[in-house]
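# Tertiary structure, described
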Amino acid sequence: MLNYSVKLDSVKDLIELKKIANKFNINGKINQNGFHGDLRSVFSNLFYLPLDEAVLEIDDYRDSQVNYISEAIGRLSA
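These lines cover the structure that appears in this document, whether it is placed above or below. (Residues numbered from 1 in each chain as written. Predicted model: local features only at pLDDT ≥ 70, side-chain atom pairs only at ≥ 80, totals over all residues. Heavy atoms only, no water.)

### As for helix H1 (residues 11-24)
Basically, it comes down to this: Under the DSSP-based scheme used, a helix requires at least four consecutive residues in state H or I and a strand at least two consecutive residues in state E, with every element numbered from the N terminus. By definition here, a helix of n residues has an expected span of 1.5 Å times n minus one. In this scheme, a residue with accessible area under 20% of its type's maximum is buried, one over 50% is exposed, and one in between is partly exposed, where area comes from a 1.4 Å probe on protein chains only. Along the arc lie the directions from the helix axis toward the C-beta atoms. Here a residue-residue contact requires only that any non-hydrogen atoms of the pair lie within 4.5 Å.
The end-to-end C-alpha separation of H1 is 20 Å, in line with the 20 Å expected for 14 residues at 1.5 Å each. All buried positions along H1 are accounted for by Asp13, Leu14, Leu17, Ile20, Ala21 and Phe24. The arc enclosing the buried residues of H1, seen along the axis, measures out at 120°, which places them on a common side. Among the exposed residues of H1, those oriented more than 90 degrees off its buried face are Lys12, Lys19 and Lys23. Contacts made by the buried residues of H1 are with strand S1 (2-8), strand S2 (27-32), helix H2 (43-46), strand S4 (51-60) and helix H3 (66-73).

### Thoughts on the pairing of S1
Consecutive side chains along a regular strand alternate between the two faces of the sheet. For the record, the criterion: Paired strands, as defined in this entry, are two strands with at least two bridges between them according to DSSP.
By the alternation rule, side chains of S1 split into Leu2, Tyr4, Val6 and Leu8, which are all buried, and Asn3, Ser5 and Lys7, of which none is buried. Relative to S4, S1 runs antiparallel, the two being bridged by six bridges. When the sheet's bridge partners are listed, serine 5 is paired in S4 with valine 55.

### Here we look at the sheet that holds strand S3 (residues 35-38)
Worth spelling out the cut-off: Angular values range over 0 to 180 degrees, each being the angle between N-to-C directions of two axes fitted as lines to C-alpha atoms, with helices fitted over their stretch in contact.
Strand order in this open sheet of four strands is S1-S4-S2-S3, and the pairing throughout is antiparallel. In this open sheet, the two edge strands, each paired with only one partner strand, are S1 and S3. On average, each strand axis in the sheet is inclined to that of its neighbour by 30°, with strand direction left out of account. Against the sheet, H1 contacts S1, S2 and S4, and its axis sits at roughly 155° relative to S1. Packed onto the sheet, H3 meets S1 and S4 and runs at close to 15° relative to S1.

The structure is reproduced here in structure tokens:
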């Protein structure tokens, strides 16, 4: 399981996160203070913005993609 600390302030950030998930075909959750959202869902996560101290838990990925995923999510880091 990969864990990343991110800051999601806008719809643009949620759309970027969904694009990353689709590009690398990954699944996971967004967690912050009792909120648990799906990594790929833009609309259900929209109601909980801003997610200032969110943690992404990615559990479905290929080992060869870890560096690419880390680089892509680095733009959303907290």
